[in-house]
Amino acid sequence: MQSLTIKILKDAVFTEVSLASAYAGAKSADDSSDFSRVATVSEDSELLKRFWNDACGEVASRLKEFTVAADMSDEGFQIDLELSGSYDSAMTPSVESDLFSSVSSGVTARWFRFTKPEIASDWEDRSNELLLRAYRKLCYRRRPTRRS
């Protein structure tokens, strides 16, 4: 068995959400007030924390068959996984990136449900795709090789 610990920092996710929401607000052709309505501000932090908890809960739920421990703190989310001895550890950076992006997209999707509902489902779909892709990588096994 192989152990893998993945840490997702809350501040880094919130930075991604802020960038995505500001970009969506700035590029919106609907109305000039969209930027102030769509972009996140510090006063939105309590709502974003709830979205953060939901998105991390989805990750924990999807990866429960591998999970040894999961912890949510003020700094972020950490999940300890126990994987097959045949797990290809070369996939680890990609898994970490997919899970980070899945959580970021999940939080952004929930934010857009309130501020820009016409694109929220696209972000939700992307979050789910990334989570599924990470799960598949964790399930992937290297081919057995014969020792000569």
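Residues numbered from 1 in each chain as written. Predicted model: local features only at pLDDT ≥ 70, side-chain atom pairs only at ≥ 80, totals over all residues. Heavy atoms only, no water.

### Details of the packing of aromatic side chains
For clarity, the cut-off: Pairing of aromatic rings covers Phe, Tyr and Trp, the last counted by its six-membered ring, and requires centre-to-centre distances within 6.5 Å; plane angles under 30 degrees mean stacked, over 60 mean edge-to-face, and any other angle means tilted. Strands here are runs of E lasting at least two residues and helices are runs of H or I lasting at least four, both read from the DSSP assignment and numbered beginning at the N terminus. Only protein chains enter the accessibility calculation, which uses a 1.4 Å probe; a residue is then buried when its area is under 20% of its type maximum, exposed when over 50%, and partly exposed in between.
Counted under the stated rule, the structure contains four aromatic pairs. Relative to tyrosine 135, the ring of phenylalanine 66 has its centre 5.8 Å away and its plane inclined at 45°; by these criteria the two rings are tilted. Placement of phenylalanine 66 in the loop between α3 (45-62) and β2 (67-72) and of tyrosine 135 in helix α5 (residues 117-139) is noted, with a sequence separation of 69 residues between them. Across the pair, exposure class does not vary: phenylalanine 66 and tyrosine 135 are buried alike. An angle of 70° between the planes, with centres 5.7 Å apart, marks the rings of phenylalanine 112 and tryptophan 123 as edge-to-face.

### Description of the environment of lysine 64
Topologically, lysine 64 is positioned in the loop between α3 and β2. Placed 17 residues apart in sequence, lysine 64 and leucine 81 show a C-alpha to C-alpha distance of 8.8 Å.

### A closer look at the pairing of strand β3 (residues 76-83)
To keep it simple, the criterion reads: The criterion for strand pairing is that DSSP finds at least two bridges linking the strands in question.
Of the pairings in the sheet, the one linking strand β1 (residues 2-9) to β3 comprises eight bridges and is antiparallel in character. When the bridges of β3 are listed, glutamine 2 appears paired with leucine 83. Bridge analysis of β2 against β3 gives five bridges, and the strand direction is antiparallel. Along β3, the bridge assignment pairs alanine 70 with isoleucine 79. Where β2 hands over to β3, the hairpin turn is made up of three residues, counted between the paired strands.

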